[in-house]
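Given next are the chains, with one letter for each unit.
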Amino acid sequence: MYLDVARTPVLDIYHLLVGIVTPRPIAWVTTLDPQGRVNLAPFSFFNAFGANPPVVVFSPTLRRDGTKKDTLRNLEANGEFVLNAAVEPLAEQINLSSKEIPYGDSEIDLTGLHTLPATKVKPPRVAESPIHMEGMVRQIVPVGNGPISANLVIGEIVAMHVDDQILDSSGRIDPRTLRTIARLGGDWFCRTSDLFEMKRPT
Ligand SMILES: Cc1cc2nc3c(=O)[nH]c(=O)nc-3n(C[C@H](O)[C@H](O)[C@H](O)COP(=O)(O)O)c2cc1C
């Protein structure tokens, strides 16, 4: 199969892209609207890009009707977020929190999850998640302006909360305890339970 992107429908490109770039980690993002109502949504166009300062990028694309997702609207309004770890015991709630509900309605109520206050930003943390990273927007970079076009939210992490129970004896995060999930194409997800170790070449 060969595709010239300029001659291929956007939806076909989207399905190919998310099938190819796999597995994708999931940013499970809490934000606040200008009235202080909590929004929660997952984004798998996501990764970390440096540690000094710690920088993450995730992308709430424009909806298929070209409108902005609630997370993007909130970040444009106040620039603060919390990234909650997307872990296997919370898979159902992560998926449910992707439901499109009216602006201002909270996915926290929808999922039955609970919140804890953050320390340096106003959006709260998802209490059930074992890791929270508090972040502030550095820049939002739109790329394109049609349906499913990217909005790169470049965020700086300013505080991290890590449940001690997921640390190993040397104080590092133990992936066997954390059990992150990740996104593949279509409705597929994967677990991180089939792990192997490999030493870096010296
Ligand atoms: C696991 C998962 C990953 C997702 N990743 C993205 C993504 O990277 N970008 C995006 O725009 N939507 C993504 N979605 C869809 C959004 O979560 C969905 O549009 C949601 O309603 C957006 O919420 P908001 O309008 O409250 O911001 C994903 C959904 C799921 C279940």
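The structure displayed is predicted, hence computed values, not measured ones. (Residues numbered from 1 in each chain as written. Predicted model: local features only at pLDDT ≥ 70, side-chain atom pairs only at ≥ 80, totals over all residues.)

1. Brief notes about the sheet that holds strand β12 (residues 189-190)
In step 1: The sheet built from three strands is open, its strands ordered β1-β11-β12 with antiparallel pairing. Each edge of the open sheet is held by one strand with a lone partner, namely β1 (24-25) and β12.
In step 2: Where strand β11 (residues 182-183) lies against β12, two bridges are found, and the strand directions are antiparallel. Residue pairing across strands places arginine 183 opposite phenylalanine 189, the latter belonging to β12. (Pairing = 2+ DSSP bridges. Helix = DSSP H or I, 4+ residues; strand = E, 2+ residues; numbered from the N terminus.)

2. Notes on the nonpolar core
In step 1: Of all hydrophobic cores here, the largest spans 32 residues; its most connected members are Ala27, Trp28, Val29, Phe58, Leu83 and Ala86.
In step 2: Looking at this core, the elements that each hand over two or more residues are β2 (27-32), β3 (38-43), β5 (54-58), α2 (70-78), β6 (80-84) and β9 (131-143).
In step 3: Apart from the residues lying within four places of it in its own chain, the contact partners of alanine 27 are Phe43, Phe46, Val56, Phe58 and Leu83. (Core = buried A, V, L, I, M, F, W, Y, C linked by C-beta atoms within 7 Å. Buried ≥ 20, exposed ≤ 12 C-beta atoms within 10 Å, placed from the backbone. Contact = placed C-beta atoms within 7 Å.)

3. Considering the environment of isoleucine 94
In step 1: By the secondary structure assignment, isoleucine 94 is in helix α3 (residues 91-96).
In step 2: Expressed as a C-alpha distance, the spacing of isoleucine 94 and phenylalanine 81, which sit 13 residues apart in the sequence, is 16 Å.

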